[in-house]
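Take a look at the letters that make up each chain.
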Amino acid sequence: MRIDRKRLEASMDALGRVGATPKGGLNRLALTDDDRRGRDLLVTWMREAGLAVTVDQMGNIFGIRAGADGLPPVLMGSHADSVPTGGRYDGQLGVLCALEVIRTLNDGKVSTRHPVGMVIFTNEEGARFQPAMIGSGVMAGKIPLEDAYNARDRDGLRLGDELERIGYLGSEPCVPRPLRAYLELHIEQGPFLEEEGIPVGIVEGIVAIAWSRLTLTGVQDHAGPTPMRIRHDALVAAADVVRGVRDIPRTIGGDLVSTVGRLDVTPNIPNAIPGRVALSIDLRAPDEHHVTRALGLVDRLATEAAHAEGVDYELDHYWRVPRTHFDLEVVDTIERAARSLRCGHRRILSGAGHDAQYMAAICPTGMIFVPSRDGRSHCEEEFTAMDDIEHGANTLLLAGAALAGQA
Ligand code: GLV
Ligand code: MN
Ligand code: MN
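Now for a description of the structure that goes with this document. (Residues numbered from 1 in each chain as written. Chains lettered and ligands numbered in written order. Predicted model: local features only at pLDDT ≥ 70, side-chain atom pairs only at ≥ 80, totals over all residues. Heavy atoms only, no water.)

## Some details on the overall build of the protein chain
To be explicit about the condition: Elements are defined by DSSP. Helices are runs of H or I of four residues or more, strands are runs of E of two residues or more, and each kind is numbered from the N terminus. As defined in this context, the radius of gyration uses C-alpha atoms, and a globule is described by 2.2 Å times the residue total to the power 0.38. Throughout this description, buried means an accessible area under 20% of the type-specific maximum (1.4 Å probe, protein chains only), exposed means over 50%, and partly exposed covers the range between.
Looking only at helices and strands, the protein chain has 12 helices and 16 strands in total. For a compact globule of 407 residues, the expected C-alpha radius of gyration is about 22 Å, and the protein chain comes in at 22 Å, within 12% of that figure. Overall size of the protein chain, expressed as C-alpha extent along the three principal axes, is 80 × 45 × 40 Å. Here the protein chain holds 407 residues, and the buried ones make up 56% of them.

Below, the structure written as structure tokens:
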């Protein structure tokens, strides 16, 4: 039993056109009109594949193929939202490979003991609404539903309202449900598989992640008449923080990474001293303790930078996801599937967050990685070769079928 590569590629092309950017990337932010168009297309395909489709209170979309016995399903999936100027593989590849697995089971009239299903999670990226992985986070009971609904984008629009606006505010309770397993295929988004010429990564777990928001408040004033000695420039304090955050991994070591990815400057015009800056801090490490120590350094950095420039600050460590270890049986099952396909594979740790991280809290979970060209992702240049995708999708097929069991 093997997936149909041409059919998968055609679906990738069709979904990739929804929110396509001129440079071949994707801009399909969560709960925008393009997200709705992408969801509608996926739901059409899911129904055509005979799946029973439901939508939960977070807009997570489920499609279930019945099993022979009344057992909990094997769920496969990922997300269909993208970052702005992102690529056509992050997220949607996992969703389309799950669909392709189901189509392949249908072609072979395969009857499984456990139902096999697919899921499309809402707002995995956290690019429009923070935090990331919000749909799976609510489902796993890690984020309160009301908090998720009240998340606001840059324009002040509420996630709950946007869900309703695009027609994906479902009625199914967004709560843990009995599942045999959750499997997610995803691009690696790092360099290791490509460097080693290995098509399939057997993901053993995901790094610990922490997100913080720092708001610096100085004094907005005219850029001309205001002498340097009386300025309190929020952006100058922010610059110290950006530099300092960049240096944290050198102090802590252990593969910790740190990023300031977002800077909102007010009023953001050439001729005013910035009165207010809000910035994001993203910390990740394989060792939970390193993240905790890094957060302590961020506290100190904010205090020192604010003091040096005479500005006020507010620091909110608002999101943390613990280091995740995937289920040993599922990891072994994926490895056996890759081995039986005789394709190169190795075990690997994920540096990116995924819905699988939250799903691991409620059911046996595992992931499959395929290589990213030049290790690049969250950019329009994101690319994975079809040969690698085929190996990954077949691994998903065999692992999913093994976990679902032959009827
Ligand atoms: C999701 O893309 C993440 O931030 O890891
Ligand atoms: Mn992703
Ligand atoms: Mn992503």
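## Quick notes on the environment of G16
What counts here: Here a residue-residue contact requires only that any non-hydrogen atoms of the pair lie within 4.5 Å.
Among the structural elements, G16 can be located in helix 1 (residues 5-16). In the structure, G16 is positioned 352 residues away from I368 in sequence and 21 Å away in space, judged by C-alpha atoms. Look past the residues within four positions of G16 in its chain and what remains in contact with it is L26, R88 and Q92.

## Focus on the packing of helix 10 (residues 328-340) against helix 12 (residues 386-404)
Quick reminder of the rule: To define axes, lines are fitted to C-alpha atoms, for helices over the stretch in contact only, and angles between the resulting N-to-C directions are given on a 0 to 180 degree scale. Any angle from 65 to 115 degrees is called roughly perpendicular, while one under 35 is roughly parallel, one over 145 is roughly antiparallel, and all others are oblique. Each crossing is labelled by how the near helix is turned from the far one, with a counterclockwise turn of less than a right angle marking it left-handed and a clockwise turn marking it right-handed. Think of it as three bins: nonpolar holds Ala, Val, Leu, Ile, Met, Phe, Trp, Tyr, Cys and Pro, charged holds Asp, Glu, Lys and Arg, and polar takes everything else, Gly as well.
Viewed as axis vectors pointing N to C, helix 10 and helix 12 meet at an angle of 130°, and their least axial separation amounts to 8 Å. Between helix 10 and helix 12, the angle falls in the class oblique. As for the relative orientation of helix 10 and helix 12, their crossing is right-handed in sense. In this structure, helix 10 contributes E329, V330, T333, I334, A337, A338 and S340 to the contact, and helix 12 contributes T395, L398, A399, A402 and L403. Each residue belonging to the contact of helix 10 with helix 12 can be placed in one class, and the counts come to eight nonpolar, three polar and one charged.

## Quick word on the nonpolar core
Test applied: Put simply, buried Ala, Val, Leu, Ile, Met, Phe, Trp, Tyr and Cys residues joined by side-chain atoms within 4.5 Å make one nonpolar core.
L8, M118, L159, L183 and W319 are the most contacted members of the largest nonpolar core, which has 95 residues in total. It is helix 3 (residues 92-107) that contributes the most residues to this core, nine residues altogether. Those residues within four positions of L8 in sequence are excluded, and the remaining contacts are I3, L96, C97, E100, M386, I389 and A393. Ranked by size, the runner-up nonpolar core spans 27 residues in total, among them L214, A234, V291 and A302.

## Looking at the coordination of the manganese ion (ligand 2)
Think of it this way: four donors in a tetrahedron around the metal ideally sit 109.5 degrees apart, and six in an octahedron ideally sit 90 or 180 degrees apart. Here is the rule: Coordination here is defined by N, O and S atoms within 2.8 Å of the metal (3.2 Å for Na, K and Ca), and since water is not considered, a site can look incomplete.
Distances from the manganese ion (ligand 2) to its protein donors, H79 (NE2), D90 (OD) and H186 (NE2), fall at 2.0 to 2.2 Å. Mapped onto the polypeptide sequence, the residues donating to the manganese ion (ligand 2) form the spacing pattern H-x10-D-x95-H. Here the manganese ion (ligand 3) and the manganese ion (ligand 2) are spaced 3.5 Å from one another, each receiving a donor from D90. With H79 in strand 3 (residues 74-79) and H186 in strand 5 (residues 181-187), this residue pair connects regions lying 107 residues apart in the sequence.

## Considering the pairing of strand 1 (residues 52-55)
Note the threshold: In this analysis, strands are considered paired if DSSP registers two or more bridges between them.
Two strands pair when backbone bridges link them, and strand 1 and strand 2 (residues 61-65) are joined in this way by four bridges, in the antiparallel orientation. In the strand pairing of strand 2, V55 is matched with I61. Hairpin connection from strand 1 to strand 2: five residues lie between these consecutive antiparallel strands, with G59 at a positive phi of about 80°.

## Quick word on the site of ligand 1
Using the following cut-off: It suffices for a single heavy atom of a residue to lie within 4 Å of a molecule or strand for the residue to be listed as near it. Within 3.5 Å is the distance limit for a polar contact, defined as a pair of N or O atoms, with the added protein rule that one can donate a hydrogen and the other accept it, and that residues adjacent in sequence qualify only through two side-chain atoms. Per-residue and other accessible areas follow the Shrake-Rupley method at a 1.4 Å probe size, with only the shown protein chains counted as cover for residues.
Inspection of the region around ligand 1 gives E124, E125, R284, A352, G353 and H378 as its neighbouring residues. Contact distances for ligand 1 include 2.7 Å between an oxygen atom and a backbone N or O atom of G353. The fraction of the free accessible surface of ligand 1 (200 Å²) that becomes covered by protein chains is 94%. In terms of residue class, the shell around ligand 1 is built from one nonpolar, two polar and three charged.

## A word on helix 3
Formally: Take the residue count of a helix, subtract one, and multiply by 1.5 Å to get its expected span.
Taking 1.5 Å per residue as the helical rise, helix 3 with its 16 residues ought to reach 22 Å, and the 22 Å between its terminal C-alpha atoms agrees with that figure. Summarising burial for helix 3: 14 of the 16 residues are buried, a large majority. K109, located one to two residues past helix 3, shows a positive phi value of around 45°.

## Considering a nonpolar patch on the surface
Quick note on the threshold: Residues forming no salt bridge and having over 30% relative accessible area are the ones grouped into patches, like charges within 9 Å of each other and nonpolar side chains (Val, Leu, Ile, Met, Phe, Trp, Tyr) within 5 Å. Salt bridge, as used here, is a side-chain nitrogen of Lys or Arg placed within 4 Å of a carboxyl oxygen of Asp or Glu.
Residues L235, V242 and L263 make up a contiguous nonpolar surface patch of about 200 Å² in total accessible area. Positionally, L263 belongs in strand 10 (residues 263-266).

## Remarks on the pattern of salt bridges
By the definition in use, this model includes 30 salt bridges. Between R347 and E204 there is a salt bridge; the shortest N-O distance is 3.3 Å. With R347 in strand 15 (residues 345-350) and E204 in strand 6 (residues 200-206), the pair connects residues that are 143 residues apart, well separated along the chain. For R213, the salt bridge identified is with D316, shortest N-O distance 3.7 Å. Note that R213 is positioned in strand 7 (residues 208-217) and D316 in strand 13 (residues 312-321), a separation of 103 residues in sequence. When salt bridges with common partners are traced through the structure, they connect D33, R128, D153, E162 and R165 into a single cluster.

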